[in-house]
Structures are given as structure tokens and as C-alpha cells.
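Results of the structural survey
If you want the building blocks of each chain, they are given just below.
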Amino acid sequence: MIPLTDVGWQTQSWQALLKSAITDPVELATILQIDVPIFRSEFPLLVPWPYLSRIRPGDPLDPLLLQVLPQPREALDVPGYVADPLQELDQSPIPGVIQKYHGRLLVVATGACGINCRYCFRRHFPYAEFQPSRAAWDQIISTVAADSSITEVILSGGDPLLLNDRQLADIARRLADINHVTTLRLHTRLPVVIPQRIDAALLDWISQTRLQVVVVLHINHSAEIDPAVAAAARSLSAAGVTLLNQSVLLKGINDQVEILTDLSRALFAIGVLPYYLHVLDAVAGAAHFDLPETRARHLLAEVVKKLPGYLVPRLAREIPGEASKTNLAIHPLA
Ligand SMILES: *Cc1c(COP(=O)(O)O)cnc(C)c1O
Ligand code: SF4
């Protein structure tokens, strides 16, 4: 068994849990008692204890392990898989701001993240240090204030919940001062990776803002949800937050009808509705997670037959230059 109870992580603050995250693949393999090739990548292993505690010891194919364990095949050069598949990094007038879709402005609030998912596009950008300066935030706020079509501001990353609550409360207050802004959205995996992040300080500013707060979680498998994640979700709901989830369709992790239907039901049980199921962006190093689009469409066609409509995520692909994410039609003909 994992000596999980010996390390005392359960009582640590979220900040301490970030610092005590496992970064050494040998240590991970020892803790989990698995025999796997050790691969060190420039995009290092990063997995905090609360997430690690949900991985089944002794199982090299555990779906949570596979999301975080660096593997030798990441080094393969596969044609079509590139560093910046979405080509969005140099389009931006203000560093960290992406305004691609009508009515919504997305801010990369920090490049840092609480976990390193192997399929992430962040793997090619050394932007862990990136964070808009005070001056950049002034510019972001005046951009939003000057454009009454922007009703929703999305904080993304990295993970925006790595900002402290003083910073977040300040951003929420400045946005709430702009009349045409109705909604503040956070794209975050931290409530799943370190559910301790949903603490009194966070719930305090969320409960007080006049903005409608939407939190879009990132959960790919029902085994990522444990009682602590459920409690975090309940606290957010109680504070008035609308909870949605986006997943990435990943070969060997959630590319089965049962796994997808279990995930939707497990999300609903904690008050979260499935929103997007993204097919993988063609990121170099992640080709082994990809599956053909026809397979994705067949899978969804089966999922649709098993679930109420509100538990079926939209199968989506991001195509550079399009005015929205592209919904992929499902394929009923197997
Ligand atoms: C995904 C995304 C959004 C949000 O799109 P929704 O379909 O509203 O979830 C907004 N801006 C950018 C740049 C995005 O990539
Ligand atoms: S949580 Fe999201 S941004 Fe962070 S590493 Fe995973 S996929 Fe990338």
C-alpha cells in the first residue's frame, strides 16, 4: 500500500500541497510500486499528493497515472504533431489575451499549473513564469471597458486558481465595475488536482461578486473524483457557481463508452454538467493519446444512446480561424 497516510499531506494547505508535489519519476514509481521505464522530459513530471492518492498502486495502466507519467514515446517525432497546433501565441495585442470569439475575452492569467498533463499544449512553452503585469491588467480592464460586446471574461492558464485570492478578488472587483460584464469564467483543474484550493478565502470573494461565476473543471475519468473533490464542488455550488466540465478524449484513458458514461454520471452526482469533450490538439509528444476522428464520433453516438441529453458533452475540435469551437457531428452508423 502507499504510505499515503504517513506523509501527512491531508492536513496541508493548498500552497504547501503545491510545493510537496512529486516531480521525480523514480519516486513516483516507488510510491506506486510500479515497474515502468523512467523517462525524463523537459516538461517534467508534476503531480500533487491529493491527485496521486487516487492512482491505484501496482497498476501501470491506471488512467490517472497515464495522464501524468512521462513516457519514452513522447520523444517520437510524429508528422502533423507540432508545438503550437492552435497558432494562437503571437496573435495577441496584449500579452496573454486571446479574443477569438464574440462576446468572450480570454486571459491567460498565469502560465503555471498545479499538475503537468502529458497531452497539454503547455509542454512546449517555458511560460510557467508568465503572468500579466499590473500594467497589462490595466490594459485588459480598459479593453473590456471600451468594448460593450464583451460580456464574459474567461480566466485560463495554466491554472488561474494559482493566483491568490487577493489578486482574484481584485480582478473580480474591477470587472464587476464594468456594467456590460455579466460573467466571470474560470477554466481550472485545481479543484480536482488539489481540492483544498476551494477554501474560505476563495468562497468569500466568489459569494460577494455581483458577477455570475462559471467554473469549468477539467476531469477526464470518474476515478479523478473522490470525496474531497465532491466536497469542493459542493462548496462552489453553494457559493452560487455554475459548474461545468471539459474533458479531453484520450486513447487508453477514456476512449470507451462505459468510461464516458460513468464520467458523465459521476460529474452529475457532484453537481457538474458535462460541457465539452475535446478531441486532442495535435501537440508534439502527445500523438500516442490521439484516436481517429471517426472513432470519436462513433463513441459519442453510443454515449448518446445511453444518457439523458443533458449528460452528453459536446464533441468539439478547435480549428484555428473559426468563430467558435467546432462541434463534430456524431456518427450513428457504426
Ligand atoms: C474555448 C475558448 C473560449 C470559450 O469558448 P466557449 O465555446 O464559450 O466555451 C473563449 N476564448 C478562447 C480563446 C477559447 O479558446
Ligand atoms: S491542467 Fe490543463 S493547462 Fe494544466 S497541464 Fe493539464 S491540460 Fe495543461
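The structure displayed is predicted, hence computed values, not measured ones.

What counts as what
Residues numbered from 1 in each chain as written. Chains lettered and ligands numbered in written order. Predicted model: local features only at pLDDT ≥ 70, side-chain atom pairs only at ≥ 80, totals over all residues. Heavy atoms only, no water. Domains from an automatic or database assignment. Contact = heavy atoms within 4.5 Å. Buried area = accessible area lost by both parts, 1.4 Å probe. Salt bridge = Lys/Arg side-chain N within 4 Å of Asp/Glu carboxyl O. Polar contact = N/O pair within 3.5 Å; in protein donor to acceptor, adjacent residues only side chain to side chain. Nonpolar A, V, L, I, M, F, W, Y, C, P; charged D, E, K, R; others polar. Near = heavy atom within 4 Å. Areas by Shrake-Rupley, 256 points an atom, 1.4 Å probe, with all protein chains shown as cover. Helix = DSSP H or I, 4+ residues; strand = E, 2+ residues; numbered from the N terminus. Buried < 20%, exposed > 50% of the residue type's maximum accessible area, 1.4 Å probe, protein only. Pairing = 2+ DSSP bridges. Right-handed = clockwise from strand over helix to strand, strands pointing away. Axes fitted to C-alpha atoms, helices over the stretch in contact; angles between N-to-C directions. Parallel < 35°, antiparallel > 145°, perpendicular 65-115°, else oblique.

Observations regarding the domain arrangement of the protein chain
In terms of domain boundaries, the protein chain breaks down into domain 1 (8-73) and domain 2 (88-330). Facing the 23 residues of domain 1 at the interface are 32 residues of domain 2. At the boundary of domain 1 with domain 2, total buried surface from both sides reaches about 2400 Å², with 62% on carbon and sulfur atoms. Considering only the surface of domain 1 that becomes buried against domain 2, Trp14, Phe43 and Gln67 emerge as the three largest contributors, covering 37% of it. Across the contact surface, domain 1 and domain 2 share one salt bridge. In this structure, the salt-bridge partner of Asp226 is Arg54, at a minimum N-O distance of 3.1 Å. Seen at the junction of domain 1 and domain 2, the total is 15 residue pairs in polar contact (both at pLDDT 80 or more). Along the lines of polarity and charge, the residues of the side of domain 1 that touches domain 2 split into 17 nonpolar, four polar and two charged.

Some points on the site of ligand 1
Within the structure, ligand 1 sits among Ile98, Lys100, Tyr101, Arg104, Leu106, Ile154, Arg185, Tyr275, Tyr276, Glu318 and Lys325. Between Tyr275 and ligand 1, the recorded distance is 2.7 Å, taken from a side-chain N or O atom to an oxygen atom. At 3.3 Å, a side-chain N or O of Glu318 approaches an oxygen atom of ligand 1. Surface burial for ligand 1 is 91%, taken as the share of its 390 Å² of free accessible area covered by protein chains. Counting residues per element, the ones that place at least two in the shell around ligand 1 are β1 (97-101), β2 (104-108) and β7 (273-278). The greatest single-element share of the shell around ligand 1, amounting to three residues, is contributed by β1. The residue makeup of the shell around ligand 1, split by class, is six nonpolar, no polar and five charged.

Focus on the pattern of salt bridges
Counted by the stated rule, this structure contains 19 salt bridges. One salt bridge connects Glu302 with Lys305, and the closest N-O pair in it is separated by 3.0 Å. Linking Glu302 with Lys305, this pair stays in helix α11 (residues 293-306), spanning three residues, or about one helical turn. Overall, the relative accessible area of 59% leaves Lys305 in the exposed class. One salt-bridge network, held together by shared partners, links Arg134, Asp170, Arg173 and Asp177.

Concerning the pairing of strand β5 (residues 212-218)
Along β5, six of the seven residues are buried, which leaves the element largely enclosed by surrounding structure. With five bridges joining them, strand β4 (residues 183-187) and β5 adopt parallel strand pairing. Bridging across to β5, Leu184 finds its partner in Val213. Note that β5 and strand β6 (residues 242-248) share five bridges and pair parallel. Residue pairing for β6: Val214 is matched across the bridge by Thr242. Tracing the backbone out of β5, into helix α9 (residues 227-238) and back to the parallel element β6 gives a crossover that is right-handed.

Here we look at the packing of helix α6 (residues 165-176) against helix α8 (residues 200-208)
Interaxial distance between α6 and α8 falls to 10 Å at its minimum, and their mutual angle equals 5°. Compared by their axis directions, α6 and α8 come out roughly parallel. Touching Asp165, Leu168, Ala169 and Ala172 of α6 are Ala201, Leu202 and Trp205, all from α8. Here the residues of the contact of α6 with α8 are counted per class, giving six nonpolar, no polar and one charged.

Details of the side chain of Asn254
In this structure, Asn254 sits in the loop between β6 and α10 (257-269). Within polar-contact distance, the side chain of Asn254 engages the backbone oxygen of Asn220 at 3.1 Å. Among all residues touching Asn254, those that are not within four sequence positions of it are Asn220, Val248, Leu249, Ile259 and Leu260.

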